[in-house]
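# Overview (structure and organization)
Here's the letter readout for the chains.
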Amino acid sequence: MSDLSEWSPDPYILVLTGLGILIALVAWLPLALRRLPLSLPIVCIALGAALFLVPQVSDQPLPMTYPEFTERFTEFVVIIALMGAGLKLDRVFSWRRWGVTWRLLVITMPLSIAAITMVGVWGLGLPWVVALLLGASLAPTDPVLAADVQVGPPKTGQEDEVRFGLTSEAGLNDGLAFPFVNLAIVLGLAAVSGEPWLGKWLMHSVLWEVGAGVVGGWLIGRLFGWLTFHMPADTKLAQTGDGLIAIAATFVSYGLTELIECYGFLAVFITALTLRHAHREHEFHREMHDVTEQVERLAMMILLVLFGGALVSGLLTPLRFMDIVAAIVILLVVRPLTGFIGLLGFKAAWREKLTLAFFGIRGVGSFYYLAYGLNHMPVEGGERLWAIVGLVVLLSVLLHGLTVTPIMRLLDRSQGRDPDADEAVPPPGLQGPASSVPNSKT
């Protein structure tokens, strides 16, 4: 190969090499970035942007070009993240112990949806239905990109009020935002057909899909809990030592509940909580969590590489000046303000309330909801909606990614914890199923 200008590598070989690099980064980067004000998602987006700027890479991974793939791949990433989030939680479920969660779900999320909808209508000139879809897409805290502010692996004791609140919120609000997405879809279709919508939306999209999602997730969690921990000793699944069982539970829970038309996101998180409760102290929870975490990180990195490619391929081109203003308002005003309103009267230090209100990270869940909405209702100007959501996610990744390490370290110190303790132990999810790292509570 004497002339580099004639070099044209096989795209398959490039993809294979890139995938190998990504897998290596999954195992190494979070450890390297542990003390730096830099997050793994930032690095992934930068890698994706650099990759798709290479002249030999001619594809443009724009979501409007691949609407079905966008919906399905983001869906896959979210359900894996929801299983991982549920398995992490050590706190026993109860209305009182989960008080911070209910405040963020019942007060903060609906207020966020309403506020973003008003920004969309009055600030951006969007139709009410489209603005509602935007609000429902951007209101949930993301369970994928919020990993840096979530609790640690099972039984590690890393469950202060901030980490617990953000983990449980991200696990539940991805399912509970769906009724609002469906409301936008129903209103959009009713505007065309003229058919009545309120009764169908309340009975099916709210009562049935939420209720069946909770019950279905609980039943499947009970089944997998029994199969994993309570069958005769020679045949119970925990004997396999294979954490892939958590992935199986994820797919079964999501698949069966979606077959009966209820919210699979909600069901997966409830399944994870129920499975965790089946034998709360068993070491096998760590194995299931670690495998889930690794699959989630790899899928997340691939998605963010594609997002970086979309950014340099013109994803943000349709943006207008007011769209940029609105994105900043959504991140710096709407979530912090509604978060703080939801926490009024909650017994916690002001530092904890501010952190909970600030870290409403937007990410893969927003991509999924927008893709789902656009694929199920007629919307003009879908490119502009993708540009707005893409900008919000990009700003969230940058803002929260650059501040998460110093803020969480400061919070740990204020609560008497040493953020630099046990530096040789890899961060959550990176020890792997065969790790010999001792558990601090075993």
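Residues numbered from 1 in each chain as written. Predicted model: local features only at pLDDT ≥ 70, side-chain atom pairs only at ≥ 80, totals over all residues. Heavy atoms only, no water.

To continue, consider the overall build of the chain. The number of helices and strands found in the chain is 15 helices and zero strands. Expressed as a percentage of the 442 residues in the chain, the buried residues total 55%. Look at the contacts in the chain between residues 6 or more apart in sequence, and 82% of them connect residues 24 or more apart. As presented, the chain carries roughly 19,100 Å² of accessible surface, and 67% of it is formed by carbon and sulfur atoms. (Helix = DSSP H or I, 4+ residues; strand = E, 2+ residues; numbered from the N terminus. Buried < 20%, exposed > 50% of the residue type's maximum accessible area, 1.4 Å probe, protein only. Contact = heavy atoms within 4.5 Å. Areas by Shrake-Rupley, 256 points an atom, 1.4 Å probe, with all protein chains shown as cover.)

Another point: the nonpolar core. Among the nonpolar cores identified, the biggest contains 122 residues, and Leu134 and Phe307 are the most heavily contacted of them. Looking at which element gives the most residues to this core, the answer is helix α15 (residues 382-414), with 13 residues. The residues contacting Phe307, other than those within four sequence positions of it, are Ile45, Leu315, Phe367, Gly390, Val393 and Leu394. (Core = buried A, V, L, I, M, F, W, Y, C linked by side-chain atoms within 4.5 Å.)

Turning to the pattern of salt bridges, a few remarks are in order. For side chains of opposite charge, pairing can occur when their charged atoms come near one another. Here the structure, examined in full by the defined rule, presents eleven salt bridges. Residue Arg91 is joined to Glu161 by a salt bridge in which the shortest nitrogen-to-oxygen separation is 3.2 Å. You can see Arg91 sitting in the loop between α3 (67-88) and α4 (99-123) and its partner Glu161 sitting in helix α6 (residues 161-176), a full 70 residues away along the chain. Across the pair Asp323 and Arg384 runs a salt bridge, and its minimum N-O distance is 2.7 Å. One end of the pair, Asp323, is in helix α12 (residues 321-342); the other, Arg384, is in helix α15, and 61 residues separate them in sequence. Residue classification places Asp323 among the buried residues on the basis of a relative accessible area of 0%. Each of the salt bridges in this network shares a partner with another, and the network as a whole consists of Glu68, Arg72 and Glu75. (Salt bridge = Lys/Arg side-chain N within 4 Å of Asp/Glu carboxyl O.)

Within the secondary structure, Glu352 sits in helix α13 (residues 350-358). Glu352 gets classed as buried once you look at its relative accessible area, which sits at 13%. If near-sequence neighbours (up to four positions away) are discounted, Glu352 is found in contact with Glu161, Val162, Leu411 and Gln415.

So, about helix α11 (residues 284-312). Over its 29 residues, α11 runs 43 Å from end to end, which matches the ideal 42 Å to within 8%, given 1.5 Å per residue. Counting buried residues in α11 gives 22 out of 29 residues, a clear majority hidden from the surface. Where α11 terminates, the next one or two residues include Gly314, which has phi positive at roughly 110°. (Expected span 1.5 Å × (residues − 1).)

So, about the packing of helix α5 (residues 128-138) against helix α7 (residues 178-193). Closest axis-to-axis distance for the α5/α7 pair is 8 Å, and the angle between their directions is 165°. For the element pair α5 / α7, the angle class is roughly antiparallel. Seen along the crossing, α5 lies across α7 with a hand that is left-handed. Here Val129, Leu132, Leu133 and Ala136 of α5 lie close against α7, whose contacting residues are Phe180, Val181, Leu183, Ala184, Leu187 and Gly188. Tallied by class, the residues present in the contact of α5 with α7 amount to nine nonpolar, one polar and no charged. (Axes fitted to C-alpha atoms, helices over the stretch in contact; angles between N-to-C directions. Parallel < 35°, antiparallel > 145°, perpendicular 65-115°, else oblique. Left-handed = near helix turned anticlockwise from the far one by under 90°. Nonpolar A, V, L, I, M, F, W, Y, C, P; charged D, E, K, R; others polar.)

Positionally, Asp290 belongs in helix α11. A residue is classified by how much of its surface remains accessible, and Asp290, at 2% relative accessible area, is buried. Engagement of the side chain of Asp290 in a polar contact is seen with the side chain of His289, the distance being 3.2 Å. (Polar contact = N/O pair within 3.5 Å; in protein donor to acceptor, adjacent residues only side chain to side chain.)

It is worth spelling out the confidence of the model for the chain at this point. Residues at a pLDDT of 70 or more form 88% of the chain, whose mean pLDDT is 85. Long-range and interchain partners of residues 423-442, a stretch whose pLDDT sits below 50, account for 45 contacts in this model, where long-range means more than four residues apart. (pLDDT = per-residue confidence, 0-100.)

Looking now at the packing of helix α8 (residues 198-230) against helix α9 (residues 244-259). Think of two packed helices as two axes; the pair is described by the angle between the axes and how far apart they sit. Two elements in contact, α8 and α9, have axes separated by 10 Å at closest approach and are oriented at 150°. One finds that α8 runs roughly antiparallel with respect to α9. The crossing of α8 and α9 is right-handed. The segment α8 lies against α9, with Gly216, Gly217, Ile220, Phe224 and Thr228 engaging Ile245, Ala248, Ala249, Val252, Ser253, Leu256 and Thr257.

Before going further, it helps to spend a moment on the packing of aromatic side chains. Per the counting criterion, the structure on display carries 23 aromatic pairs. Aromatic pair Trp122 and Trp128: ring centres 6.4 Å apart, planes at 80°, arrangement edge-to-face. Of the two residues examined, Trp122 and Trp128, each falls in the exposed class. The positively charged end of Arg91 is found above the aromatic ring belonging to Phe164, 3.8 Å away from the centroid. (Phe/Tyr/Trp six-rings, centres within 6.5 Å; stacked < 30°, edge-to-face > 60°. Lys NZ or Arg CZ within 6 Å of the ring centre and 35° of its normal.)

Note that Val268 resides in helix α10 (residues 264-278). Separated by 17 residues in the primary sequence, Val268 and Phe251 place their C-alpha atoms 8.3 Å from one another. Sequence-distant contacts of Val268, defined by excluding residues within four places in its chain, comprise Ile79, Leu82, Met83, Thr250, Ser253 and Tyr254.

Here α10 spans 21 Å end to end across 15 residues, near enough to the 21 Å set by a 1.5 Å rise per residue. Most of α10 sits inside the fold, with 13 of its 15 residues counted as buried.

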